[in-house]
Each structure stands twice: as structure tokens, then as C-alpha cells.
Amino acid sequence: MSSRAFRWLVVSGLLVLVAVPLYWILDTSFKTGRQILMSEAIYMPRPFTIENYLYLFEETRFAQWLRNSTVVAVASTLISLAIGSAGAYALTRLRFPGRRTFGALVLITYLVPPGLMFIPLYRTFIQIGYSNSLGTLILAYPTFLVPFVTWLLMGFFRSIPRELEEAALVDGATRLQTLRRIVLPLAAPGLLAAGLFCFTLSWNEFLYALIFIADDSLRTLPVGLSEFVVSDFAFWGQLMAAAALASAPVVIVYIYLHKYMVSGLTAGAVKG
Amino acid sequence: MQRPARGSGDELILAPPAAAAPRARGLAWHRVNRVQERLLGYALIAPVALLIVVLIAYPFLNAIWLSLTEKMVGYPAHFVGFKNYVALWESARFRIVAWNSVVYTVGSIGAKVVIGLAMAAALQKAVRGNQLLRGFLLLPWVIPTVVIALTWRWLLDLYRGLVNVGLHDLGIIGAGIHWLGNPDLAMFSVIMANVWRGFPFFGVSFLAAMQTVPQDLYDAASVDGASAWQQFWRISLPSIKGVVAIVTLLSTIWTLNDFNIVYIMTRGGPGAATHIFATYSYELGIQSQRWGMAMAASMYSLPVIALLIVFVVRYLHREEPSS
């Protein structure tokens, strides 16, 4: 097989593989209940309807979940950025005893899988009497976001020439002034990328949200979506409409983000 | 946070005129600054440290203790040693869970490496539209895992799912296939969904690594008559093996304790055919309130996870410039 044929085969194969499920989401979301139930018009919605989307806002708590997801994702992102950028700066630029150990510790905590942490964290929140609130998630998400942000930003801070900072220090600026006036503006693209990654990770998070939240009104989107499926039955039209809407913000974020992706990935974000 | 700011005033006064003694000025500045630097360092790292101690280390150590206890409703938890571990070891269901976790992890990652390598090799040559193509292929990695798992569940629906209907319409199958109802196929299905979600990231990471290989190597190999296949095996693959290793390790750590895809697609079923560590811990802990047992089940994956984490940390620390 020539390399040209191989390339063509792989590329078209992968395109179909990725496109078909995505098409299936949109396809289903625009069908009527009858078309889905009777398996009519499988490949194309005929007639085309937006009733599933309207139903979400009129008959379900979708708007509420959307709001909860937004609050949790934005708050945990801001907290994680603040904490993580300070930590990353200290670990790359300041000399203090224990620095290297700390760097390793951050990396280790970044690697600990949520599948191992959900029971320990849940028990801790129960102990301190703070479960079943959006605040629980806003506290819980930084446990995986902060190590991630810190690790990601350490790479960005390292790429900023030390000389710029040293020049400012010699001219009499304090460390904090240097951080605010020189380092942060230069690291802005990194901060933005880290923030968008955090937003995406929080927005998509499911396990903690499933376990820490009991009230229907406090659910986030992923948990709300999963509740559409009752035993073996689901309202697939409404569910796929919800899936499309829940994916939209992160796809939009990603269109902006993707130029940073490969460069900024470092240890990657295969997590979750 | 006040100290360094105030200190900076002294610094200016202490510093002799630069023109007179530039070296001495530098030294004095450093001496005053070393203390400040430490204090600022600890101040800036404190929030991260607090988070790690309170919300990661403490819960985790507490959970290890929990795995050594037993709690009956109405009584406080009491220490039982390794009883939970022994009970799990002897339980047929838990052995299935452990084995499933291995199959799920090895199957998913094996497929992702192969497809990722194919993707990287196919996209390596700069062609117009490559950027766009790569962007599109990465979409599964971006959208929420819950959406992916629900979509696959619906794709594989016995009567109305696109896969069965499509295969039927193409004349490939007669009756619908029980993708999620048949134990072997159910494991295959959850792996498929996981691979669909994860292969783009593998492909893009491998591609980024391949693009750092100097073009001269390929040119020289072409001149010597090496086929594209040989070039892939002899040049591309050896030069990206570090990235392949690190991506595989990272992914193994997280896949071994994966939860979302299995929970949403099969809830671990049929029977225990797709139950893996995290879904089983969920069943024992959240559903049955047997916390000690649930934590012990999680702990069985810990030695492997810890070992892999050590590998990754050592690898990344070697890569990292010691600034």
C-alpha cells in the first residue's frame, strides 16, 4: 500500500469515526418523538423540529442546571487560577527550602485519579458537614484543578526570561510589583489557556457532582443529563438536545483554545 | 504579604550608588532579599499547601484508616485490621472487578496507541487543511464524557440505535446485536466509547512529537531508498517513544480508576461484566454504605497507581530544567 493511499484511508476512516456519533447527536435532537420511537427517518430528521430544545427549557430544570454548572465552573476556575499561579511562581522563581519536594508533591497530587479520591473527599465533606451545596463542588474541584494549573503555569513561567524580572528588581521594584507588572502580563496567554482548561474540566466533571450533590435543584449539567435515562428508557430526543447544548460552551472555548493546546499541554490533560 | 513590600524601602536605602560599586550593591541586595524571598515563597505556596493537606492528604489518609474499619448502622466504626481486604480477595465478584479493570485499561490504551500512531503518521506531512482536520478530530476529547457515554449508549441501542440500524440497512447483520446486553460485547462497547474519547489526544501528542524530528533524517532515508513504512518504524517511532511512554503511563493511571463511561453506559452490568474498581467502590460505598469495604476495593489499585506515579514523576522531573 502506498503511503498516499494509507494516509487517505486513515484520515477518511477517522473522519467518519468522529463525525458519525456527533452527527447522531444533532440528528436525534431535531427529530420528533414519534420519529425516534418508531425508527422513522433514521438518517435525517423529517420533519425537522426544535421541540426537543424548547421542551428542555419549558419542562425540565435544564436552565437551572446550566446556571449551576456556570457558577461552579467559573468560581472554581477563578479560585484555582489565583492559588495555582501564586504557587507556580513560587516554585519556578523563588528559592526556599523544600521547593523541589513541593514541586514533586504538586505533580503527584495532579496524578491522583478522581476515581480513587471520591470516597475520601465525600467522607471529609460529610465530616465537616458541608456536602450538598454548590460550594462543596467549588471547594472540591480545585483539588484537581490547582495541581493542574500549577504544573501548567510552571512551564509558562519558565519561558519568561529571568533577566526581565532581575532588571526590575535591581531598579527597586518589589517582588510583588514585579509579579504584577512584569510576570503576570507576560504570562497572560498562559493564564488564559490554564483558565479555559480549568473551565472545561469543571464543566465536564461528573463523578464528584454525582456524589456530593443530592438536591435536584443543585445538580450540574452532566448529572442532570445522566438522570434523563431511567432504567432502560430515555427520552432520547430531549437528551440529545441537552447533550448538544451542554457541549456547545466547551466546543466554543476549544475553538479559541486549540492553538495553545499542543504547546501548553505539558503533562497533558488526559484526565477525567 | 506586607513584609516584602516594606522591606523594599530598606533595600533602596541600603543599596550603595550603582556607579560606585556595582558588585557590592548586587551582594547587599541579595542578602536582604534572600530572607524576603523565602518568606514570599512560603506565602505564595501556602494556599496550595493548605489545599493539598486539607482536601487531598487528610481525606486520603483518613480513607486508608477507613478501609481498616467496619461500621454497622447505629454503631461507631471499629478497627478490623485487614478483614475487608481479605473478604474482597476471597470474593469472586471482586476478582471479576479487578480483572475487568485490567482488561478495560489494557484494551483501551492499546487501541488508543495504535489509532493514535496511525493518526499521527497520516497527518505528519503538512497538507493544506491539516490544521482544520486536526481541530475537528480533537472534538471527542473536548466534549463532556457524560455526553459521549450517553451518545454511545444511544448509538448502540438494540432496536433504534444507529449502529444496529445502519449495519442492518447495509445488509451486514440480520437481527440487532445486543451490544450492551451481552457480557463480552458490553466490555467491548465501553472500551470502544473510551477509545473514541481518548484516541485524538494520543494522536495529537504523538504528532507534536513527530514534528520535532528533523526533516533531514527523512530526506536522507528517502535517498537511501527507505519506504515510508520503514521510515515510520526506524525514524518516527524511535524518536517519539518517550512521548508514547509518558502518554501511556498517564492514561493508565486514570483509566484504571475510570468511572464515567462505565457507570453511564452499563452501571457495571450485565451482571458484573463491566464493573471496574471505581464503579464497584461506588456500589459498595455510596449505594450499600459499606465504606470500609468500598475503600479497601479502591486501595487494591493503589500499588499499581503509586508505581506508575513514581515513573511519571521521575520522568517529568528529568525533563524539567532545574532552574
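What counts as what
- Residues numbered from 1 in each chain as written.
- Chains lettered and ligands numbered in written order.
- Predicted model: local features only at pLDDT ≥ 70, side-chain atom pairs only at ≥ 80, totals over all residues.
- Helix = DSSP H or I, 4+ residues; strand = E, 2+ residues; numbered from the N terminus.
- Buried ≥ 20, exposed ≤ 12 C-beta atoms within 10 Å, placed from the backbone.
- Contact = placed C-beta atoms within 7 Å.
- pLDDT = per-residue confidence, 0-100.
- Nonpolar A, V, L, I, M, F, W, Y, C, P; charged D, E, K, R; others polar.
- Expected span 1.5 Å × (residues − 1).
- Axes fitted to C-alpha atoms, helices over the stretch in contact; angles between N-to-C directions.
- Left-handed = near helix turned anticlockwise from the far one by under 90°.

Trainee: Hey, could you run me through the overall build of chain B in this one?
Mentor: Each helix and strand counted, chain B has 15 helices and two strands in total. Out of the 323 residues belonging to chain B, those deemed buried represent 41%. At a minimum sequence separation of 6, the contacts of chain B that also span at least 24 residues come to 66%.

Trainee: I keep staring at the overall build of chain A and nothing clicks. Help me out?
Mentor: The secondary structure content of chain A amounts to 13 helices and zero strands. Order of helices (α) and strands (β) in chain A, N terminus to C terminus: α-α-α-α-α-α-α-α-α-α-α-α-α. For the C-alpha atoms alone, the extent of chain A along its principal axes is close to 75 × 65 × 30 Å. Across the 272 residues in chain A, those meeting the buried criterion constitute 48%. For chain A, the proportion of contacts with a sequence separation of at least 24, taken over those separated by at least 6, is 76%.

Trainee: Would you mind going over the environment of Gln35(A) with me for this structure?
Mentor: Residue and element names in this part refer to chain A. Among the structural elements, Gln-35 can be located in helix α2 (residues 33-37). Judged by the 20 C-beta atoms lying within 10 Å of it, Gln-35 is buried. Spatially, the C-alpha atom of Gln-35 lies 46 Å from that of Ile-79, the residues being 44 residues apart in sequence. When near neighbours in sequence (up to four residues on either side) are disregarded, Gln-35 contacts Glu-40, Ala-41 and Pro-45.

Trainee: Which parts of the structure should I look at to understand the confidence of the model for chain B?
Mentor: Any segment with low pLDDT has predicted coordinates that should not be analysed in fine detail. All names here are of chain B. Within chain B, residue pLDDT values average 85, and 87% of them lie at 70 or more. Per-element averaging of pLDDT across chain B places helix α1 (residues 2-14) at the bottom with 32 and helix α12 (residues 260-265) at the top with 96. With pLDDT under 50 throughout, residues 1-28 is counted as low confidence; its partners more than four residues away or in other chains account for 28 contacts. Scored as a whole, the predicted complex attains pTM 0.88, and scored at its interfaces, ipTM 0.90.

Trainee: Sorry, what's going on with the interface of chain A and chain B here?
Mentor: Interface size is often expressed as the accessible area that is lost when the parts come together. Counting from both sides, the interface comprises 77 residues of chain A and, opposite them, 84 residues of chain B. A breakdown of the residues in the side of chain A that touches chain B according to their chemical character gives 51 nonpolar, 19 polar and seven charged.

Trainee: Mind showing me how you'd approach the confidence of the model for chain A here?
Mentor: With 93% of its residues at a pLDDT of 70 or more, chain A shows a mean pLDDT of 87. Confidence over residues 264-272 of chain A falls short of pLDDT 50; this stretch has 25 contacts with residues more than four positions distant or in other chains.

Trainee: Just to check I follow, could you spell out helix α5 (residues 99-111) of chain A for this structure?
Mentor: Residues three or four positions apart in an α-helix share a direction because the helix packs 3.6 residues into each turn. Along its 13 residues, α5(A) runs 19 Å from first to last C-alpha, staying within 8% of the 18 Å computed at 1.5 Å per residue. Turning to α5(A), its buried residues number three or more, namely Phe102(A), Gly103(A), Val106(A), Leu107(A), Thr109(A), Tyr110(A) and Leu111(A).

Trainee: I would appreciate a short explanation of the packing of helix α9 (residues 162-170) of chain A against helix α10 (residues 175-204) of chain A in the present structure.
Mentor: Between two packed helices, both the angle of their axes relative to each other and the distance between the axes serve to describe the pair. Residue and element names in this part refer to chain A. At their nearest, the axes of α9 and α10 sit 10 Å apart, and the two run at 145° to each other. Crossing hand, α9 versus α10: right-handed. Taking contact as the criterion, the partners of Leu-164, Glu-165, Ala-168 and Leu-169 in α9 are, on α10, Thr-178, Ile-182 and Val-183. Taken together, the residues of the contact of α9 with α10 sort by class into five nonpolar, one polar and one charged.

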